[in-house]
Amino acid sequence: MSSNLLNLYGLTRAELGSLVSGWEISPVHAARLWRYLYLDGADTLAEMTELPARLRARLEAGTTFGRLAVARETHSGDGFTRKYLLGLADAHRIETVLMRYKGRTTACISSQVGCAMGCVFCATGQMGYTRHLTPAEIVAQAIHVDRVLRHTADEAPALAEGDHSSPHHRHERLRNIVLMGMGEPLHNYDSVMKAVDILCDGAGLGLGAKKITLSTVGVVPGIIRLADERRPIYLAVSLHGATQAERATLVPAARAWPLEMLMEACRYYTDKMERRIFFEWTLIEGKNDGPEQAHAVGSLLKGVPAQVNLIPLNPTAGYGGAPSHQAAARRFQDILAGYSIPSTVRQRRGIDIGAGCGQLAVAEAG
Ligand code: SF4
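Residues numbered from 1 in each chain as written. Predicted model: local features only at pLDDT ≥ 70, side-chain atom pairs only at ≥ 80, totals over all residues.

1. Section: the overall build of the protein
Okay, step 1: Scanning the protein from terminus to terminus reveals 11 helices and 14 strands.
Okay, step 2: With the C-alpha coordinates aligned to their principal axes, the bounding extent of the protein is approximately 70 × 45 × 40 Å.
Okay, step 3: For the protein, with 366 residues in total, the buried portion stands at 43%.
Okay, step 4: Taking contacts inside the protein between residues at least 6 apart in sequence as the whole, the part at least 24 apart equals 69%. (Helix = DSSP H or I, 4+ residues; strand = E, 2+ residues; numbered from the N terminus. Buried ≥ 20, exposed ≤ 12 C-beta atoms within 10 Å, placed from the backbone. Contact = placed C-beta atoms within 7 Å.)

2. Points about the domain arrangement of the protein
Okay, step 1: When its domains are assigned, the protein resolves into domain 1 (6–64) and domain 2 (69–353).
Okay, step 2: Taking only C-alpha atoms into account, the centre of domain 1 sits 33 Å from that of domain 2.
Okay, step 3: Considered class by class, the residues forming the side of domain 1 that touches domain 2 number 4 nonpolar, 4 polar and 1 charged. (Domains from an automatic or database assignment. Nonpolar A, V, L, I, M, F, W, Y, C, P; charged D, E, K, R; others polar.)

3. Remarks on the site of the ligand
Okay, step 1: Lining the immediate environment of the ligand, one finds C115, M117, G118, C119, C122, T124, G125, M182, G183, E184, V217 and G358.
Okay, step 2: Classifying every residue of the shell around the ligand by side-chain character gives 6 nonpolar, 5 polar and 1 charged. (Near = placed C-beta within 6 Å.)

4. Some details on the sheet that holds strand β13 (residues 306–312)
Okay, step 1: Spatially, β3-β4-β5-β6-β9-β10-β11-β12-β13-β14 is the arrangement adopted by the 10 strands of the open sheet, whose pairing is mixed. Unpaired on one side and paired on the other, β3 (69–75) and β14 (343–345) mark the two borders of the sheet. The average undirected angle you get between the axes of adjacent strands in this sheet is 20°. (Pairing = 2+ DSSP bridges. Axes fitted to C-alpha atoms, helices over the stretch in contact; angles between N-to-C directions.)

5. Section: the environment of A361
Okay, step 1: Secondary-structure assignment places A361 in the segment after β14.
Okay, step 2: Sequence-distant contacts of A361, that is, excluding residues within four places in its chain, are made with A123, T124, Q126 and M127.

6. Remarks on the nonpolar core
Okay, step 1: Counting 102 residues, the largest nonpolar core has V139, A142, L199 and L283 as its most contacted members.
Okay, step 2: With 9 residues, the top contributor of residues to this core is helix α5 (residues 135–151).
Okay, step 3: Both of domain 1 (6–64) and domain 2 (69–353) provide at least three residues apiece to this core.
Okay, step 4: If sequence neighbours within four positions are ignored, L199 has contacts with V139, A142, I177, L205 and L207. (Core = buried A, V, L, I, M, F, W, Y, C linked by C-beta atoms within 7 Å.)

7. Notes on the environment of L250
Okay, step 1: Structurally, L250 can be placed in helix α8 (residues 244–250).
Okay, step 2: Using a count of 22 C-beta atoms within 10 Å as the deciding quantity, one classes L250 as buried.
Okay, step 3: Placed 131 residues apart in sequence, L250 and C119 show a C-alpha to C-alpha distance of 5.8 Å.
Okay, step 4: If we skip the residues at most four places from it in the chain, L250 touches C119, V120, F121, H240 and G241.

8. As for unusual backbone geometry
Okay, step 1: Even without a glycine there, the phi angle at R230 is positive, about 50°.
Okay, step 2: Residue position: R230 is located in the loop between α7 (220–228) and β11 (234–238).
Okay, step 3: Since 8 C-beta atoms lie within 10 Å of it, R230 is described here as exposed.
Okay, step 4: Here the phi dihedral of H240 falls at roughly 65°; this positive angle occurs in a residue that is not glycine.

9. Description of helix α11 (residues 326–338)
Okay, step 1: Given a rise of 1.5 Å per residue, 13 residues ought to cover 18 Å, and the 19 Å separating the end C-alpha atoms of α11 matches this to within 8%.
Okay, step 2: The set of residues buried in α11 consists of A328, A329, F332, I335 and L336. Taken down its axis, α11 places every buried residue within 125° of arc, on the same side. Along α11, the residues that are exposed and aim more than 90 degrees away from the buried face are Q326, A327, D334 and G338.
Okay, step 3: Summarising the contacts, the buried residues of α11 are in contact with β12 (277–283), α10 (291–300), β13 and β14.
Okay, step 4: Where α11 terminates, the next one or two residues include S340, which has phi positive at roughly 60°. (Expected span 1.5 Å × (residues − 1). Arc of directions from axis to C-beta.)

10. Thoughts on helix α6 (residues 189–200)
Okay, step 1: In this model, α6 (12 residues) spans 16 Å end to end at C-alpha, consistent with the 16 Å of a helix rising 1.5 Å per residue.
Okay, step 2: Along α6, the residues that are buried comprise S191, V192, M193, A195, V196, I198 and L199.

11. Let's talk about the packing of α10 against α11
Okay, step 1: The contact between α10 and α11 brings their axes to 9 Å, and the two run at 30°. Once α10 is placed against α11, the crossing between them reads as right-handed. From α10, P291, A294, H295, V297 and G298 reach across to α11, where they touch R331, F332, I335, L336 and G338.
Okay, step 2: Residues belonging to the contact of α10 with α11 are distributed by class as follows: 6 nonpolar, 3 polar and 1 charged. (Left-handed = near helix turned anticlockwise from the far one by under 90°.)

12. Focus on the packing of α5 against α6
Okay, step 1: Two numbers describe how α5 lies on α6: the axes approach to 8 Å, and their chain directions differ by 45°. Accordingly, the angle class assigned to the pair α5 and α6 is oblique. The hand of the α5/α6 crossing is right-handed. Here α5 contributes P135, I138, V139 and A142 to the contact with α6, which in turn contributes S191, V192, K194, A195, I198 and L199.
Okay, step 2: Of the residues that constitute the contact of α5 with α6, the class distribution is 8 nonpolar, 1 polar and 1 charged. (Parallel < 35°, antiparallel > 145°, perpendicular 65-115°, else oblique.)

Have a look at this one:
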């Protein structure tokens, strides 16, 4: 896959239409090409037999829509999670995760090679930043997962505990996306939003915007822009500390966007969007899982439509903290409930293959 070629996965349907009409070829064929890309999951131009030869020759000469090459695939022991190490055209690599649980199919997608935000407990942050992903590279991860799902529909993996339905009745298409993989999506705002537009196109993959959740470490200008542009995707904000001093020890980005500024942006977002924010809280034993911190979160989020997702720390090589015990997580939840803040404790899945939150990293990137 040469990087000089125009990657079709990076074009909106309108842009693809302009490209084809610029070659003086009927828009009917542009529409068919779009369907080949997003509905039929075509792997090669040769499969696009309904396109006129003239269009295929143009596409052959100047474009690509290649798959991301799978360098490694790992499956979790419980069968719910698969992690893909995917190769990019310039030999960098990223990780994408497929989660299938309780009939839900979700892709956890990366937005950058590495990450500049440096959260201390995160394997991606420990790697440092290499580059932004293009819209095509972001879309291609979703296409990869969608293809996997379609091609494995007649296998009989454990879709859910106690799921005995026939494989033929399973709706094996990608339904949900979380932008929680490698990278800070709001640091690569334009590419991520273009990819979201492509993925949500009703004539293509047709993912509802409400099926997409973007997770940010708290990039304030990006949060304000999401609200100003009225982007209908869900927003998750990584909090991890309820005072500026505590948060800054875990999340260096808090120095650029202090907690007070972040909460102001969150209130602006919830007012303008009239929807709640998911706040993520990595539970680290003895560090931020005590009653005092839970009360501080309750006070901090007062008046903000919020749900708190508690995530017991997942192990990474570069951070020595331990996950909180269940009892601490439950106590944290009870305290939040006293402030009328709903919360969940995230299931620890994919940990055995390094596919849990904060575990994605590519040692051999580049
Ligand atoms: S948690 Fe997210 S923002 Fe923080 S370093 Fe990891 S990938 Fe980057």
